[in-house]
Amino acid sequence: MKQSKGRIFTTHTGSLPRPQHLTEILGSLALGQPVDQAALEAIASRSTIDILKKQADSGIDIVNSGEQSRTSFSTYITQRMSGFGGSWTRRGHKDQNEFPNIARPRVVQIMQDVPQCIGPLEYNRLELAEKELDSLLTGITKSRTSPQDVFMTAASPGIIALTMGNAYYSSHNEYVMALAEEMRKEYELIANRGVVLQLDCPDLAMERHVDYQDESIEVFQELVSLHITAINQALRNIPREQVRLHVCWGNSEGPHHYDVPLKDILPLIYKADVGGLVMEMANPRHAHEYKVYQEHPLPEHMVLVAGVIDTKTNYVEHPEVVADRLRLAIDATGGDPTRVMAGTDCGFDTSAGSNRVDKDIVWLKLAAMSEGASIASHSYTW
C-alpha cells in the first residue's frame, strides 16, 4: 500500500451508496429470495463505474468499488462459500438493547436473521470474487480515472464467525481457523491481482458489546488474540505491505457507552501481520483516543488511515476540522505525514440500504475530507 507522498492521500473504508434498484435486488438476495445473477452483475458493474467517477470527482486518491455487488460487508460470503444454511438470530448490541427505539427494523432483520454454519466450509465460488475484481479493474479504465492506488475489502475470519453462528464445528477456535483457511483463497486472489487487500475486522472492537458483552475484558482480549492469529494464518502468503486492516466499534448511531477503550485492544491489534490500520478517530465516543497512539506507538512498518469523517451523521465536516484531526493523528504517531492518510470511520452503506447518511451528502463529506487533507498537507515539509 502506498504512503502519502507530497501531500496527505485520501481514501475511505469500503462501502459507498448503492442506487435504489440495486439495493432492492441485494435486499432480496440477503433474504434468500431468487435473483437474476447476470442482471445483478451487470447493474453492479455499471454502478461501480459511476462510483469510481464520483470518488475521483470528490478527490479520493485510493479507491475501490464501493462494494456495489455485495449484500453486506460480511454476509456476502454466504453466496460464495458452502457450509452455511438455515438461520439464527444474532445477539444485539448492548447499547441498542437498552435503547430499542434507535434500531432500524429492516437493517436489523438483514443483519441478525442470517445463516449459520451447518457443515464443512468450502470456498467453492471463487469466480464471484474474480468477477468483482474484474468489474473494479475494468471499471477504472472505463471511468477514465487514474487513482493513486486501488483496494478491495474482504471480511475477516473473526467477523464471519461471529456473524454466522456455529452449529457444526466443535469449538469457536476450530470454526474461525477453518474460515481463515477458506478465506485465504479470496485474500490471495485480491493480492495476486495487484490490489491492496483491506480486511474488515469489527470483531476486534465491536464484539465487546455484542457477543462478549457479559464477559470480562480479559476474555475478550483472548478472543482478539485468537482472531489476530487466524488473520495471520490466512495472510501467510501475502506481503504485509499489501494489506490494511480496518477496526471499528460498529457503524451504528447509538450511545456507544459500552464500547471497549482503544487502549485495551491496540497492542493486540499491532500483532496483525499487516502494513496499515484503518481506524475510527472521528467517532465522538473515541475522538480523544488519538492519545493512545502516543502511549502505544504505531509500529514502524505500519501506516495509519485516520478516520476523520463520521459515517453516521449528515453533518458535513468543515475542512478545517478535518485538517485539525489529521494534524492530531500525525503528531500522535510521530510527526511523519507520509505515514498517515485521511479516511472515514466506517463504510457509508455497510449493508445494502443501511446508509444513515443521505446518498448525495456522502460526496459532500468526502469532498470536505479531501479539502481538509489539502489544508493539513501545507502544515508539513515534504
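Residues numbered from 1 in each chain as written. Predicted model: local features only at pLDDT ≥ 70, side-chain atom pairs only at ≥ 80, totals over all residues. Heavy atoms only, no water.

Peer 1: What should I look at first to understand the side chain of E280 in this one?
Peer 2: Checked against the element boundaries, E280 lands in the loop between β7 (276–279) and α10 (292–295). In terms of polar contacts, E280 uses its side chain to reach the backbone amide nitrogen of W249, at 2.8 Å. Within polar-contact distance, the side chain of E280 engages the side chain of N283 at 2.9 Å. (Helix = DSSP H or I, 4+ residues; strand = E, 2+ residues; numbered from the N terminus. Polar contact = N/O pair within 3.5 Å; in protein donor to acceptor, adjacent residues only side chain to side chain.)

Peer 1: Explanation requested: the nonpolar core in the structure shown.
Peer 2: Proteins that are soluble and globular tend to have nonpolar side chains buried together. Counting residues in hydrophobic clusters, the biggest one holds 99 residues, and the most contacted among them are F84, L245 and L277. Here the element with the most residues in this core is helix α7 (residues 172–192); it accounts for 10 residues. When near neighbours in sequence (up to four residues on either side) are disregarded, L277 contacts L245, L266, I269, Y270, L298, M302, V303, L304 and V305. I62, F151, V196 and V305 belong to the second-largest nonpolar core, a separate cluster that totals 7 residues. (Core = buried A, V, L, I, M, F, W, Y, C linked by side-chain atoms within 4.5 Å. Buried < 20%, exposed > 50% of the residue type's maximum accessible area, 1.4 Å probe, protein only. Contact = heavy atoms within 4.5 Å.)

Peer 1: Hey, could you run me through the pattern of salt bridges in this one?
Peer 2: Where charged atoms of side chains with opposite charge meet at close range, the side chains can pair. For the coordinates displayed, the defined rule picks out 21 salt bridges. Of the charged contacts in the structure, one is a salt bridge between E186 and R80, with a shortest N-O distance of 3.1 Å. Of the two residues, E186 is situated in helix α7 and R80 in the loop between β1 (62–63) and β2 (81–89); the sequence distance between them amounts to 106 residues. Of the charged contacts in the structure, one is a salt bridge between R91 and D214, with a shortest N-O distance of 2.5 Å. Of this pair, R91 sits in the loop between β2 and α3 (94–98) while D214 sits in the loop between β5 (196–200) and α8 (217–234), and the two are 123 residues apart along the sequence. Among the residues examined, R91 registers a relative accessible area of 35% and is labelled partly exposed. Through salt bridges with shared partners, a single network forms among R70, R80, E132 and E186. (Salt bridge = Lys/Arg side-chain N within 4 Å of Asp/Glu carboxyl O.)

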